[in-house]
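# Observations on chain architecture
Each chain, letter by letter, is given below.
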Amino acid sequence: MFGGLNLTKAQENNLTTHKDSLNYVLNQYYKLNLKVFQQNSTIEDIDNIFELFTDDFTYVHPKYGGVYTREDLYNGYKRNQSNGGYDGSVVDVKIENSIYGLNAITVSKRFIMKEDGNVVEGDEQMALFEFKNGKIFLIKEYW
């Protein structure tokens with residue numbers, strides 16, 4: 001027994017998710033975003049990102065408009081893609097540090113970008129990812 005719950009039962013009910021599983025989903029999120037950020041990305045590429053999210057997913061970015069539902073964020077991705085906002089200038093995401101909690105990861109990351117023919121590191125940015133049933137439930141950006 002652990003905290004009043006049988007640990008095996010908790011794992012079967014997805015009440016605890018292994019650190020490696022969370023890290024895998026997080027890495028997939030960034031990998032799929034890099035694909036979308038390229039000039040020739042497709043709607044299918046966007047759809048692949050959204051497969052990682054729960055149905056009740058929420059994106060929070062106080063500096064850039066506040067709270068977005070899953071649908072709001074999806075429409076934003078499509079709009080950016082159709083407006084040419086994804087031009088291949090982001091070439092990588094460098095995770096500087098990660099802190100793991102219960103069904104959560106906080107990351108410090110930098111976008112690696114092409115600017116004027118040079119590859120440069122962007123500013124350090126912090127984000128919190130919360131997970132439910134092995135999928136991303138919440139992303140909150142702190143930059």
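Residues numbered from 1 in each chain as written. Predicted model: local features only at pLDDT ≥ 70, side-chain atom pairs only at ≥ 80, totals over all residues. Heavy atoms only, no water.

### Describing the overall build of the protein
What the protein contains, in helices and strands, is 4 helices and 7 strands. Start at the N end of the protein and walk to the C end: the helices and strands fall as α-α-α-β-β-α-β-β-β-β-β. For the protein, the residues scored as buried account for 36% of the 143 residues in total. (Helix = DSSP H or I, 4+ residues; strand = E, 2+ residues; numbered from the N terminus. Buried < 20%, exposed > 50% of the residue type's maximum accessible area, 1.4 Å probe, protein only.)

### What to know about the pairing of strand E7 (residues 135-141)
Relative to E7, strand E1 (residues 53-61) runs parallel, the two sharing 4 bridges. Bridge pairing in E7 links tyrosine 59 to isoleucine 139. The hairpin turn running from strand E6 (residues 125-132) into E7, its antiparallel successor, is 2 residues long, and asparagine 133 in that turn takes a positive phi close to 55 degrees. (Pairing = 2+ DSSP bridges.)

### Some points on unusual backbone geometry
Although it is not a glycine, asparagine 103 adopts a positive phi angle of roughly 55 degrees. Along the chain, asparagine 103 turns up in the loop between strand E3 (90-101) and strand E4 (104-115). Notably, asparagine 133 is not glycine yet its phi reads approximately 55 degrees, a positive angle. By the element assignment, asparagine 133 lies in the loop between E6 and E7.

### Section: the nonpolar core
Grouped together as the largest cluster of nonpolar side chains are 29 residues, with contacts concentrated most on Tyr29, Ile49, Phe53, Tyr77, Phe129, Ile136 and Ile139. Broken down by secondary-structure element, the contributors of at least two residues to this core are helix H2 (19-36), helix H3 (43-50), E1, helix H4 (70-82), E3, E4, E6 and E7. Per-element tally for this core: the top contributor is H2, with 8 residues. Among residues more than four places away in sequence, those in contact with isoleucine 136 are Val25, Tyr29, Leu52, Phe53, Thr54, Phe57, Phe129, Glu130 and Phe131. (Core = buried A, V, L, I, M, F, W, Y, C linked by side-chain atoms within 4.5 Å. Contact = heavy atoms within 4.5 Å.)

### Some remarks on the confidence of the model for the protein
On average, residues of the protein score 89 in pLDDT, and 88% of them are at 70 or above. Segment residues 1-15: pLDDT under 50, and 10 contacts once partners within four positions in sequence are set aside and those in other chains are kept. (pLDDT = per-residue confidence, 0-100.)

### Observations concerning H2
Each α-helix turn comprises 3.6 residues. Residues three or four places apart therefore point the same way. With 18 residues, H2 extends 26 Å from end C-alpha to end C-alpha; this agrees with the ideal 26 Å at 1.5 Å per step. Those residues of H2 that fall on the buried side of the exposure criterion are Leu22, Val25, Leu26, Gln28, Tyr29, Tyr30, Leu32, Asn33, Leu34 and Val36. (Expected span 1.5 Å × (residues − 1).)

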